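What the coordinates show
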Amino acid sequence: MNSAANGYNLNFNSGGVNPANNNNRFNGFSVRAVQHLPVFMKADDVTKDDTEDIMAYTLTRKALILDLHAAFQCAKRHKGTKPYVQHFERKLSQNIEKLADDLLSRNYQPEPSTVFIVERPKKREVFAAQFRDRVVHHLYFNYVHELFERTFVADTYSCIEGRGTHYGIERLRQHMCQESHNWQRDCYVMRLDKRGYFMHIDRQVLLGIVLRALDRMSRHRIAKSHRLTWSEWIDIDFVKWLSREIIMLDPKKNCRIVGTVADWEGLDHSKSLFYTMDGCGLPIGNLTSQLLSNVYLNEFDQFMKRVLHCKHYGRYVDDSFVVSHDRDWLLSLVPSIREFLRERLHLELHMGKLHVTKARQGAEFLGGYIKPHTTYISNQSLRRMKVSIDAINLHNPQKTWASVCSFLGVLSHYDSYNIRSQLFLVPDILGIGTFNRSMTEFVCPLVNLSTHNAGLLDSNLTIGNHEHEQVFWKCG
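Residues numbered from 1 in each chain as written. Predicted model: local features only at pLDDT ≥ 70, side-chain atom pairs only at ≥ 80, totals over all residues. Heavy atoms only, no water.

Turning to the pairing of strand E10 (residues 368–371), a few remarks are in order. Side chains of E10 alternate between two faces, with Gly368 and Ile370 buried and Tyr369 and Lys371 left unburied. Where strand E9 (residues 363–365) and E10 come together, three bridges link them in antiparallel fashion. Bridge pairing links Ala363 to Ile370 in E10. Linkage of E9 to E10, two consecutive antiparallel strands, is achieved through a turn of two residues, within which Leu366 is found at a positive phi near 55°. By the bridge criterion, four bridges tie E10 to strand E11 (residues 374–377) in an arrangement that is antiparallel. Note on E11: the bridge partner recorded for Lys371 is Thr374. Hairpin geometry of E10 and E11 is characterised by an intervening segment of two residues between the two adjacent antiparallel strands and by a positive phi of about 70° at His373. (Buried < 20%, exposed > 50% of the residue type's maximum accessible area, 1.4 Å probe, protein only. Helix = DSSP H or I, 4+ residues; strand = E, 2+ residues; numbered from the N terminus. Pairing = 2+ DSSP bridges.)

Turning next to the packing of aromatic side chains. Across all of its chains, the model carries 17 aromatic pairs by this definition. With a centroid separation of 5.9 Å and 90° between ring planes, the pair formed by Phe72 and Phe131 is classed as edge-to-face. Taken together, the residues span a long stretch of sequence, with Phe72 in helix H2 (residues 61–76) and Phe131 in helix H5 (residues 131–149) at a distance of 59 residues. Residue classification places Phe72 among the buried residues on the basis of a relative accessible area of 0%. For Phe131, a relative accessible area of 5% gives the class buried. Between Phe88 and Phe131 the ring centres are 5.3 Å apart and the planes differ by 70°, which places this aromatic pair in the edge-to-face class. Placement of Phe88 in helix H3 (residues 83–90) and of Phe131 in helix H5 is noted, with a sequence separation of 43 residues between them. (Phe/Tyr/Trp six-rings, centres within 6.5 Å; stacked < 30°, edge-to-face > 60°.)

Another point: the pattern of salt bridges. Tallied over the entire structure, the rule returns 21 salt bridges. Notably, a salt bridge pairs Arg132 with Asp102, separated by 3.8 Å at the nearest N-O pair. With Arg132 in helix H5 and Asp102 in helix H4 (residues 92–104), this pair connects stretches of sequence that are 30 residues apart. Across this residue pair, the class does not change: Arg132 and Asp102 are buried. Between Glu299 and Arg344 there is a salt bridge, with the nearest N and O atoms lying 3.5 Å from each other. Linking Glu299 in helix H10 (residues 287–307) with Arg344 in helix H12 (residues 334–345), this pair joins segments that are 45 residues apart in sequence. For Glu299, a relative accessible area of 23% puts it in the partly exposed group. We classify Arg344 as partly exposed; its relative accessible area is 48%. Several salt bridges share partner residues, and in doing so they unite Lys98, Asp102, Glu111, Arg132 and Asp133 into one network. (Salt bridge = Lys/Arg side-chain N within 4 Å of Asp/Glu carboxyl O.)

On the surface, a nonpolar cluster with roughly 310 Å² of combined accessible area is contributed by Ile257, Phe274 and Tyr275. Tracing the backbone through its elements, the reader meets Tyr275 in the loop between strand E5 (256–257) and H10. Judged by relative accessible area, Tyr275 falls into the exposed class, the value being 51%. (Patch = residues over 30% accessible without salt bridge, like charges linked within 9 Å, V, L, I, M, F, W, Y side chains within 5 Å. Areas by Shrake-Rupley, 256 points an atom, 1.4 Å probe, with all protein chains shown as cover.)

The next point concerns the nonpolar core. By size, the foremost hydrophobic cluster in this structure holds 88 residues, and its most contacted members are Leu103, Tyr140, Phe148, Met190, Phe300, Met304 and Ile337. Broken down by element, the residue count for this core peaks at 10 residues, all from H5. For Met304, the residues in contact, after removing those within four places along its chain, are Leu192, His309, Cys310, Tyr313, Val322 and Ile337. Membership of the second largest hydrophobic core comes to 33 residues, among which are Leu172, Leu411, Ile432 and Phe442. (Core = buried A, V, L, I, M, F, W, Y, C linked by side-chain atoms within 4.5 Å. Contact = heavy atoms within 4.5 Å.)

When pLDDT is averaged across the protein, the result is 82; 82% of the residues are at 70 or more. Here residues 450–476 scores under 50 on pLDDT; set against residues more than four positions off or in separate chains, the count is 62 contacts. (pLDDT = per-residue confidence, 0-100.)

Taken together, four strands build an open sheet; the order of strands is E6-E7-E4-E8 and the sheet is antiparallel. Either end of the sheet is taken by a strand with one partner, and the two such strands are strand E6 (313–316) and strand E8 (355–358). Across the sheet, the axes of successive neighbouring strands diverge by a mean angle of 20°, strand direction being ignored. Note that E6 and strand E7 (residues 319–324) share four bridges and pair antiparallel. Along E7, the bridge assignment pairs Arg315 with Ser320. Contacts between helix H6 (residues 165–179) and the sheet are confined to strand E4 (188–192), E6 and E7, with E7 contributing the most and set at about 15° to the helix. Where H10 meets the sheet, it contacts E4, E6 and E7, and its direction lies at approximately 170° from that of E6. (Axes fitted to C-alpha atoms, helices over the stretch in contact; angles between N-to-C directions.)

Quick look at the packing of H2 against H5 now. In the contact formed by H2 and H5, the axes pass within 8 Å of each other and the chain directions differ by 110°. Classified by the angle their axes make, H2 and H5 are roughly perpendicular. In this structure, H2 uses Leu64, Asp67, Leu68, Ala71, Phe72, Cys74, Ala75 and Lys76 to contact H5, whose residues at the interface are Phe131, Arg134, Val135, His138, Leu139, Asn142 and Tyr143. Residues of the contact of H2 with H5, tallied by class, amount to 10 nonpolar, two polar and three charged. (Parallel < 35°, antiparallel > 145°, perpendicular 65-115°, else oblique. Nonpolar A, V, L, I, M, F, W, Y, C, P; charged D, E, K, R; others polar.)

Here is the structure:
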């Protein structure tokens, strides 16, 4: 029965989207910690008066174990063949139970991270948590991501389902179109960036923001149509404790460095945790860092919308924009923005990346280049894509098919028919497959699609009805 008190479903093989989408928000959307009703009380029997007698949520060991199993499946996704995943899975029940006991007793301690350098799409320093800690990160994300997302402005794009890069590009196009009255008058786009954002996040300031948000939201209903508040839906005290453990962790402590000193050559010191001040920096690579970075800059979003009254504003991680027909007004915002970032968030506006451009000349954002009535892929993104295409192993038809389909999926969001033709209508690729007329699909007869899709069965994990000991899987 579709009810607000039912457990939520997560389809791990369809990106968390309910394949039988019937526009019902209580079907297969996301995992979150839910109210554990007493066993003797059926969920559908709960009335408005009953909820007043239900004590605030307290996390139980059985409930936490089930939630950790769900978090493990999230952490395992697309990594099932990795040795560290298989090692954890060999004694899955024991590892999950031990982790649950450590969390409940407040004895949980994260293990040292592994740090290394990646070169693509740009040179970055990555701190990778151990798999056990990644399970905890997914547990934390499943508990609080929707709570925090309720506090965000509508034009926050990153790390939110349905609001990725393509959504951000489309929103900028809409803002430009609205402010220019459908391109009938001039308007300007101001691009803003923060210097070394992840490395300069003040963890103590972040913790204060997170705890205030949890306190404030704990009194709110989880939805307008729902009777329970967030404090009755998740264990706020447990989440606060886990927030401290995750945020205040110094990732540099006892970390294991993979590579040589030469790997760090050419990396700006503002992009390395090894050169940050004590108490600053979140590790790039952790799921929680992506979520918490949004929470941190939500203060900036609220300032831009509520204090500076920027109607046409949006942000993806630390990259943001403001659109207006008044260029002087846009420039007048800069001193206030710099002061707010410095005083409240201890961040610096990157003046070298502050650009104000006329909308008719085009604006670049998140790999797209928006011009009146059309959107292109940016030159920088196209160069990176060409390097990746040149590296395709044409001797493996299945990998070639998967890679080409992936590139077509990205390029199909842009006006790029000629680019697709130039990149893929070449003898080596045409020798293993064919394209449709619009160059949006690639069919490779050498790939057995039934075998390829064998791992994409509809498997739904039911979370929330924790009086049942087992986790239910439905495969079809």
